[in-house]
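Each chain, written out:
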Amino acid sequence: MSSLLILGAGTAGTMAANMLRDKLDPSWSITVVDRDDDHVYQPGLLFVPFWMKPDRVVKDRRSFLKEGVTYLRREIAKVDPAAHRVDLVGGDHLGYDWLIIASGSRARTDLVPGMADGALFRTKVHDFYTLEGAVALHEALDNFTEGRILVHLAELPIKCPVAPLEFTFLVEDYFRKKGIRHKVDITYVTPLDGAFTKPVSSKAFGSLLTDRSVRLAADFTVERIDNEKQQLIGYDGRALPFDLLVTIPPHTGAQFVIDSGLGDEGGFIPVDKHTLRADVSGRIFVLGDASNIPASKAGSVAHFATEVFIDNFLAAIEGKPLPNAFDGHANCFIESGRGQAMLIDFNYDTEPLPGMYPAPLVGPMTLLKPSRINHVGKLAFEQMYWRILLPGHKMPVPALMSMAGKKAVNGSTPAAASAPAAR
Ligand SMILES: Cc1cc2nc3c(=O)[nH]c(=O)nc-3n(C[C@H](O)[C@H](O)[C@H](O)COP(=O)(O)OP(=O)(O)OC[C@H]3O[C@@H](n4cnc5c(N)ncnc54)[C@H](O)[C@@H]3O)c2cc1C
């Protein structure tokens, strides 16, 4: 009998456990460890400040694990790869033959001086990356009648790097619908030199910010939040005043990853970006946000990568070469307000490009262009997440990125010439 231990029962850990339960011999034990029973549908946190009821985004994670998967509700303390051992808080430990680390990433409100430790936290200084934060922000928006709002991205990487932009477009629309948009001044504050990381999409998002009369404060590296003066202070001396600050703090990997010495400076685990096998041990794979792959920290990446990983894992346990190579595929809807959304589809080598998705000409989704159908797609994804993705069923979209329907733009990064070789 062989044992597979999975650390984290979020998006990637749940999918991997369910997919592998179907593929592995019943003599294999599969154990998943998580610290609590609440599976949060994190893309829903974007809507909680506006209209989504908080209880809609949380479900009992145990109900999404297949029969034959053992669930253990414990806090993980440390991993010792050499001893094939995982220590749990409280003193027990678990052994394993194979280990999947799927412990995600965390928004660290403690890493911006004046945020979590400031007098204005959760009254005038907010985040929406946790359920408590999103709920508090809902109340703050409800009570906001006029003044300056800053939507601030502290640094990358963060989960869903487009979510701060989505929030900006939604909050603009929220006050427009309330009839007080003219009394609300909105600025998007970012450490990047434009609205987003990649040139083509940065231009598209930047134009939309301009269309919606949202100011852009670029190249802003935050030093601290001055709670007394209600100002966001940058290292370059800029002091941006606010009446409401919505900030997405820096992210790190899980504490046990850091404590085990398994992470890079951000606490993300170095892996081969195509196979997701940990550099530290051939018996460890890392799925989802927990690894250091140069892709978005997104549920779509966790999903596509896990699909690609399954056959690699089955080969690895037989000592065979790994047949598949993940290409960094990400696919994200971006709420743009007015009942519309944009869509981006990209990978390690190809930046988000305009066009149609998934089929050329007919789409029906539009890439990098707001459309109603994209918005409907974003909302429909919630049910797909719970019913198709988490249970480990196949989604009707390819795991690897396709150029079908995409239009190259002058100066855009080229498509990968070919899939990377298997290893
Ligand atoms: C506001 C917001 C909007 C988003 N929108 C989108 C979107 O539109 N599209 C998209 O693709 N992605 C989106 N995402 C990102 C997406 O939710 C994450 O990238 C995805 O859930 C990552 O999956 P994961 O399995 O790596 O981590 P998670 O799903 O976060 O799971 C990690 C698990 O590890 C557990 N864990 C960690 N440490 C320990 C420990 N010490 N002991 C025990 N258990 C532990 C945690 O409890 C957790 O259950 C969004 C995220 C946020 C916050």
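Calculation criteria
Residues numbered from 1 in each chain as written. Predicted model: local features only at pLDDT ≥ 70, side-chain atom pairs only at ≥ 80, totals over all residues. Heavy atoms only, no water. Domains from an automatic or database assignment. Contact = heavy atoms within 4.5 Å. Buried area = accessible area lost by both parts, 1.4 Å probe. Salt bridge = Lys/Arg side-chain N within 4 Å of Asp/Glu carboxyl O. Polar contact = N/O pair within 3.5 Å; in protein donor to acceptor, adjacent residues only side chain to side chain. Phe/Tyr/Trp six-rings, centres within 6.5 Å; stacked < 30°, edge-to-face > 60°. Helix = DSSP H or I, 4+ residues; strand = E, 2+ residues; numbered from the N terminus. Buried < 20%, exposed > 50% of the residue type's maximum accessible area, 1.4 Å probe, protein only. Lys NZ or Arg CZ within 6 Å of the ring centre and 35° of its normal. Near = heavy atom within 4 Å. Nonpolar A, V, L, I, M, F, W, Y, C, P; charged D, E, K, R; others polar. 1 Å grid on protein atoms, 1.4 Å probe; cavity = no way out; pocket = protein on both sides within 12 Å on 5 of 7 lines; lining within 4 Å. Points joined across faces, edges and corners; volume = space filled by probe spheres on them. Disulfide = S-S within 2.5 Å. Pairing = 2+ DSSP bridges. Core = buried A, V, L, I, M, F, W, Y, C linked by side-chain atoms within 4.5 Å.

(A) Highlighting the domain arrangement of the protein chain. Taken domain by domain, the protein chain comprises domain 1 (3-106 + 253-316) and domain 2 (109-251). Taking only C-alpha atoms into account, the centre of domain 1 sits 30 Å from that of domain 2. Contacts between domain 1 and domain 2 engage 16 residues on the former and 22 residues on the latter. Of the roughly 1600 Å² buried between domain 1 and domain 2, counting both surfaces, carbon and sulfur atoms make up 72%. Viewed at the interface, domain 2 and domain 1 are joined by 0 salt bridges. On inspection of domain 1 and its partner domain 2, the count reaches 5 residue pairs in polar contact (both at pLDDT 80 or more).

(B) Layout of the packing of aromatic side chains. Counted under the stated rule, the structure contains 19 aromatic pairs. Aromatic pair Tyr41 and Trp386: ring centres 6.0 Å apart, planes at 50°, arrangement tilted. Taken as a pair, Tyr41 in the loop between β3 (38-40) and β4 (58-60) and Trp386 in helix α7 (residues 372-389) lie far apart in primary sequence, 345 residues in all. Judged by relative accessible area, which is 5%, Trp386 ranks as buried. Measuring from ring centre to ring centre gives 5.6 Å for Phe309 and Phe313, while their planes differ by 40°; the resulting arrangement is tilted. In this pair, Phe309 and Phe313 are both assigned in helix α6 (residues 299-316), 4 residues apart and thus about one turn of the helix distant. By way of ring pairs, the aromatic residues Phe50, Phe128, Tyr129, Phe144, Phe167, Tyr174 and Phe175 are connected into one cluster. A cation sits over an aromatic face here: Lys273 above Tyr348, 4.6 Å from the ring centre.

(C) Up close: the site of the ligand. Among the 29 residues in the neighbourhood of the ligand, the closest are listed as Thr11, Ala12, Asp34, Asp289 and Ser300. Contact distances for the ligand include 2.8 Å between an oxygen atom and a backbone N or O atom of Asp289. Ser300 places a polar main-chain atom, nitrogen or oxygen, 2.8 Å from an oxygen atom of the ligand. Mapped by element, the contributors of at least two residues to the shell around the ligand are α1 (11-23) and α6. Among the residues forming the shell around the ligand, the class breakdown is 11 nonpolar, 9 polar and 9 charged. Domain assignment of the residues forming the shell around the ligand places at least three in each of domain 1 (3-106 + 253-316) and domain 2 (109-251).

(D) Region of the structure containing the layout of surface pockets. When its volume is computed, the second largest pocket comes out at roughly 470 Å³. For the second largest pocket, the lining is made up of 27 residues, of which Leu156, Pro157, Pro294, Ala295 and Ser296 are closest to its centre. Looking at the lining of the second largest pocket, its residues break down into 13 nonpolar, 9 polar and 5 charged. Per-domain counts for the lining of the second largest pocket show at least three residues from each of domain 1 (3-106 + 253-316) and domain 2 (109-251).

(E) Quick look at the state of the cysteines. Per the counting criterion, the structure on display carries 0 disulfides. Just so you know, Cys160 is unpaired, no disulfide at all, and the nearest cysteine sulfur is the one on Cys332, 5.3 Å from it. You can call Cys160 partly exposed: its relative accessible area is 23%. Since its relative accessible area comes to 8%, Cys332 is described here as buried.

(F) How the structure looks around the pairing of strand β6 (residues 76-80). Pairing of β6 with strand β7 (residues 85-88) involves 4 bridges; the strand directions are antiparallel. Bridge pairing in β7 links Val79 to Val86. Counting the residues in the hairpin turn of β6 and β7 gives 4 residues, including His84, whose phi is positive at 50°.

(G) Up close: the nonpolar core. Core analysis: the largest hydrophobic core is formed by 121 residues, its most contacted members being Leu4, Leu7, Phe128, Phe167 and Phe205. Of the residues forming this core, the biggest block, 10 residues, is contributed by α6. Built from parts of two domains, this core gets at least three residues from each of domain 1 (3-106 + 253-316) and domain 2 (109-251). If we skip the residues at most four places from it in the chain, Phe167 touches Leu46, Pro49, Phe50, Phe128, Leu137, Leu141, Val151 and Val246. Counting residues in each nonpolar core, the second largest holds 16 residues, with Leu120, Ala154, Val189 and Leu232 among its members.

(H) Unusual backbone geometry, seen in detail. In this structure, the amide linkage connecting Tyr357 to the following residue, Pro358, adopts the cis form with an omega of -5°. Position of Pro358 among the secondary structure elements: in strand β23 (residues 355-359). Phi is positive for His84, which is not a glycine, with a value near 50°. Residue placement: His84 occurs in the loop between β6 and β7. Unlike most non-glycine residues, Cys160 shows phi in positive territory, near 45°. Checked against the element boundaries, Cys160 lands in the loop between β12 (147-153) and α3 (163-178).

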